[in-house]
Amino acid sequence: MTSEILTEKQAAAYSPNVLAFYGDCVYEEFVRRHIVLEHQTNAGRLHKLAVERVRASYQSAAVAVIEPLLTEREADILRRGRNAGGISVPKSAKPSDYRRATALEALFGYLSLTGQNERLNELFDAICASLSLDSDAVEEK
């Protein structure tokens, strides 16, 4: 596996759907690492916690948290992700939430491909600081 860092221009040349495809795994890795470091519990419970944080509604709320923090370039990538065509919205999600979740994933994909790991950490930390997840509610589901 290559760990090639792309220029911003190269990364921006990818379609928002491709950026979101890659960003989905980048975001989920951040979520899983955060959960493992935060909770001492079994894998089933960790999975439930992760699912709650990668759900479209949670990611949509995360967009609201980070939007004021974005540079002009980042806001453009987010906009492109939100407006991407060819998105099939699952029945479990509202279209507006799903589009915003796709936007978040596109941004995370873009930042990862361009090697902006510190920026990824800043944005993810802002999300974690602003959005709490009631662990008891997850356990009841």
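In what follows, the structure referred to is the one given above.
Keep in mind that this is a model prediction, so the values were computed, not measured.

Undergrad: Go over the packing of aromatic side chains, please, and point to the residues and values.
TA: Using the criterion set out here, one finds four aromatic pairs in the structure. Taken together, a centroid distance of 5.4 Å and an interplanar angle of 85° make the contact between Tyr27 and Phe108 edge-to-face. Note that Tyr27 is positioned in helix H2 (residues 16-38) and Phe108 in helix H6 (residues 95-113), a separation of 81 residues in sequence. Ring plane angle 90° and centroid distance 5.9 Å describe the contact between Phe30 and Phe108, whose orientation is recorded as edge-to-face. A residue pair is termed long-range when its members are at least 10 positions apart, and Phe30 in helix H2 and Phe108 in helix H6 qualify at 78 residues. Members of the aromatic cluster, joined through ring pairs, are Tyr27, Phe30, Phe108 and Phe124.

Undergrad: Break down the packing of H2 against helix H7 (residues 117-130) for me, citing the residues and quoting the values.
TA: Packing of H2 against H7 leaves a shortest axis separation of 11 Å and a crossing angle of 60°. In this view, H2 runs oblique relative to H7, as classed from their interaxial angle. Considering the relative orientation of H2 and H7, their crossing is right-handed. Each of Val26, Tyr27, Phe30, Val31 and His34 in H2 lies in contact with H7, whose residues at this interface are Leu120, Asn121, Phe124 and Cys128. Broken down by class, the residue content of the contact of H2 with H7 amounts to seven nonpolar, two polar and no charged.

Undergrad: Describe the pattern of salt bridges, listing the residues and the values that go with them.
TA: Under the defined criterion, the tally for this structure stands at nine salt bridges. Notably, a salt bridge pairs Arg32 with Glu28, separated by 2.8 Å at the nearest N-O pair. Taken together, the positions of Arg32 and Glu28, both in helix H2 and four residues apart, correspond to about one turn of that helix. Take Arg32: its relative accessible area is 45%, and that puts it in the partly exposed class. A salt bridge links Arg119 to Glu122, with the shortest nitrogen-to-oxygen separation between them at 2.9 Å. Pair noted here: Arg119 and Glu122 are both in helix H7, with a separation of three residues, about one helical turn.

Undergrad: Describe H2, with residues and values.
TA: Structurally, the α-helix is built with 3.6 residues per turn, so residues lying three or four positions apart point the same way. Relative to the 33 Å expected for 23 residues at 1.5 Å per residue, H2 spans 31 Å between its end C-alpha atoms, a close match to the ideal helical length. In the structure, H2 departs most strongly from a straight axis at Gly23, where the bend amounts to approximately 30°. Buried residues of H2: Pro16, Leu19, Ala20, Gly23, Val26, Tyr27, Phe30, Val31 and Ile35, and no others. Buried residues along H2 sit against helix H1 (8-12), helix H3 (43-54), helix H4 (56-66), helix H5 (72-82), H6 and H7.

Undergrad: Talk me through the environment of Asn17; I want residue IDs and the actual numbers.
TA: If you trace the backbone, Asn17 turns up in helix H2. When its relative accessible area of 33% is taken as the criterion, Asn17 is described as partly exposed. As a C-alpha pair, Asn17 and Gln116 span 99 residues in sequence and 20 Å in three-dimensional space. Residues contacting Asn17, with those up to four places away along its chain left out, are Ala84, Gly85 and Ile87.

Conventions adopted
Residues numbered from 1 in each chain as written. Predicted model: local features only at pLDDT ≥ 70, side-chain atom pairs only at ≥ 80, totals over all residues. Heavy atoms only, no water. Phe/Tyr/Trp six-rings, centres within 6.5 Å; stacked < 30°, edge-to-face > 60°. Helix = DSSP H or I, 4+ residues; strand = E, 2+ residues; numbered from the N terminus. Axes fitted to C-alpha atoms, helices over the stretch in contact; angles between N-to-C directions. Parallel < 35°, antiparallel > 145°, perpendicular 65-115°, else oblique. Left-handed = near helix turned anticlockwise from the far one by under 90°. Contact = heavy atoms within 4.5 Å. Nonpolar A, V, L, I, M, F, W, Y, C, P; charged D, E, K, R; others polar. Salt bridge = Lys/Arg side-chain N within 4 Å of Asp/Glu carboxyl O. Buried < 20%, exposed > 50% of the residue type's maximum accessible area, 1.4 Å probe, protein only. Expected span 1.5 Å × (residues − 1). Bend = angle between axes of the 7 residues up to and from the residue.

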